[in-house]
Amino acid sequence: MTFPHEESKADHSARVLITVAERLTGVLRRETSMLRSRCPQEIAALGAEKERLSRAWQAGLDGLRQQSGAATEVSAELRVMLHQEVAELQHAAAENDRALRAAMKATERLLKVFASAVAENRAGAVGYAQNRRAPNRIGSTAGIALDKRL
């Protein structure tokens, strides 16, 4: 027998999932905002929280799925709230994915420009070889001194 102030295990699991979804959505939105405003040093700080919340979300889903009949035991009000939070989470995740992809493309373009500039700079070096290039370099070699007094 359950008392009116007690909630079912399914309702409790749904409430936990709603809370985790709200927090994860917030983290994704903050990260997306930081990506768009180009604040990479601040993004790293969100990584641990994002990972922790993602694992909590997955564990909550797995736990709810393992409860037999949980989907039908969750109250209608919580079911609606959970669906709304999932929709917001999916939207935030899609926006975050687009922002991450754009940041990665921008980084790749920047690296290509940098690599091209380095290659161009090296190609322009004047050396003693017939092709007027700098001679092949042998890694970093330290100076060697021989003691002939032995």
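Residues numbered from 1 in each chain as written. Predicted model: local features only at pLDDT ≥ 70, side-chain atom pairs only at ≥ 80, totals over all residues. Heavy atoms only, no water.

Student: Quick one: what's the story with the confidence of the model for the protein, residue by residue and with numbers?
Tutor: Detailed reading of the predicted coordinates is not advisable wherever pLDDT is low. Mean pLDDT over the protein: 81, with 76% of residues reaching 70 or higher. When pLDDT is averaged over each helix and strand of the protein, the minimum, 74, is found for helix α3 (residues 70–73) and the maximum, 92, for helix α1 (residues 9–36). (pLDDT = per-residue confidence, 0-100. Helix = DSSP H or I, 4+ residues; strand = E, 2+ residues; numbered from the N terminus.)

Student: Account for the nonpolar core, with residues named and values stated.
Tutor: Core analysis: the biggest nonpolar cluster contains 25 residues, and Leu 17, Leu 24, Trp 57 and Leu 89 have the highest contact counts within it. Elements supplying a minimum of two residues to this core: α1, α2 (40–66) and α4 (76–123). Leu 24 has contacts with Lys 50, Leu 53, Ser 54, Trp 57 and Leu 89, leaving out every residue within four places of it along the chain. (Core = buried A, V, L, I, M, F, W, Y, C linked by side-chain atoms within 4.5 Å. Buried < 20%, exposed > 50% of the residue type's maximum accessible area, 1.4 Å probe, protein only. Contact = heavy atoms within 4.5 Å.)

Student: I'd like to hear about the side chain of Glu 31, residue by residue, with values.
Tutor: Residue position: Glu 31 is located in helix α1. Not counting the four nearest positions on each side in its chain, Glu 31 is found in contact with Ile 43, Leu 46, Lys 50, Asn 96 and Leu 100.

Student: Hey, could you go over the packing of α1 against α2 for me, with residue numbers and the actual values?
Tutor: Closest axis-to-axis distance for the α1/α2 pair is 9 Å, and the angle between their directions is 155 degrees. Between α1 and α2, the interaxial angle falls into the category roughly antiparallel. The element α1 and its partner α2 pack so that their crossing is left-handed. Looking at the contact of α1 with α2 residue by residue, the classes come out as 16 nonpolar, 3 polar and 6 charged. (Axes fitted to C-alpha atoms, helices over the stretch in contact; angles between N-to-C directions. Parallel < 35°, antiparallel > 145°, perpendicular 65-115°, else oblique. Left-handed = near helix turned anticlockwise from the far one by under 90°. Nonpolar A, V, L, I, M, F, W, Y, C, P; charged D, E, K, R; others polar.)

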